[in-house]
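Architecture and fold: a report
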Amino acid sequence: MRILIIEDDKKQCYLLQFCLEKEGYAVDTCFDGAEAGYYLDQNAYDIVLLDRMLPNKDGVTILQEMRTKQNMTPVIMITALGELSDKISGLDSGADDYIVKPFEFEELMARIRCLLRRPPNLENLNQLKIGDVIYSQDTNVLTSTKDSCTLSQKEGDLLLLFLRNPNQTLQRSTILSRIWGADYEIEDGNLDNYIYFIRRRLKNAGSSLNIKTIRGIGYRLESESGN
């Protein structure tokens, strides 16, 4: 599991990173609101810990931009602003949880575990819709504007990873670990083959979505129509 901490208090940020890594999480850190978009676009995270008051761009704006880009990664807003109105505005902006400083690390861990147990799509556990694509998880059926098709289990798992992280660059290592497992031995070219299969499936179904190669890094799901 990978966590991004966006927090300008470096001492607190490094302490959180140390504690989370002891719990077995991979952790990235960001200290500036203006740089947060880069981290969120370049990597896929399971949880984002987001400070509300940041230099150059505040946490609420970052959160709103995430949701506008259909980035539905769970976000816990961490802030010293503890008034009821602050909590309401943070949650209404798209935060999944809100914890006020100072807090106990054990409470934060409990909130993280709670969010990780939550199904990724509470509105419909079997279908995920991004752009002009609907993917039915129970039947592995991809449907778009022109046609529908049934994917293999591995194709479905791979497409689902991209659909859950639209407009985000997924590193090759991240994809291999998520789909095949960290200890699974697989030839690197097999991933390229599956990417080719998914691209062909999307094109044949009439979708404007495409998986773009980010040279030297990985892949990104984008809409060719720019939407």
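Everything below is about the structure shown above.
These numbers were taken from a predicted model, which means no experiment stands behind them. (Residues numbered from 1 in each chain as written. Predicted model: local features only at pLDDT ≥ 70, side-chain atom pairs only at ≥ 80, totals over all residues. Heavy atoms only, no water.)

1. Focus: helix 6 (residues 153–163)
Each α-helix winds once per 3.6 residues, and so residues spaced three or four apart point in a common direction. The buried fraction of helix 6 is high, at 8 of 11 residues. For helix 6, the complete set of buried residues consists of Glu155, Gly156, Leu158, Leu159, Leu160, Leu161, Phe162 and Leu163. (Buried < 20%, exposed > 50% of the residue type's maximum accessible area, 1.4 Å probe, protein only. Helix = DSSP H or I, 4+ residues; strand = E, 2+ residues; numbered from the N terminus.)

2. With respect to the packing of helix 1 (residues 10–22) against helix 5 (residues 105–117)
In the contact formed by helix 1 and helix 5, the axes pass within 12 Å of each other and the chain directions differ by 60°. By the criterion of interaxial angle, the relationship of helix 1 to helix 5 is oblique. In this structure, the crossing between helix 1 and helix 5 has a hand that is right-handed. Residues Leu16, Cys19 and Leu20 of helix 1 form the contact with helix 5, whose own contacting residues are Phe105, Leu108, Met109 and Ile112. For the contact of helix 1 with helix 5, the per-class residue count stands at 7 nonpolar, no polar and no charged. (Axes fitted to C-alpha atoms, helices over the stretch in contact; angles between N-to-C directions. Parallel < 35°, antiparallel > 145°, perpendicular 65-115°, else oblique. Left-handed = near helix turned anticlockwise from the far one by under 90°. Contact = heavy atoms within 4.5 Å. Nonpolar A, V, L, I, M, F, W, Y, C, P; charged D, E, K, R; others polar.)

3. Quick word on helix 5
For helix 5, which comprises 13 residues, the first-to-last C-alpha distance of 18 Å matches the rise-based estimate of 18 Å (1.5 Å per residue) to within 8%. Phe105, Leu108, Met109, Ile112 and Leu115 are the residues of helix 5 that are buried. End-on view of helix 5: buried residues confined to an arc of 125°, all on one side of the axis. Turned more than 90 degrees away from the buried face of helix 5, the exposed residues are Glu106 and Arg117. On its buried side, helix 5 packs onto strand 1 (2–6), helix 1, strand 3 (47–51), strand 4 (75–79) and strand 5 (97–100). (Expected span 1.5 Å × (residues − 1). Arc of directions from axis to C-beta.)

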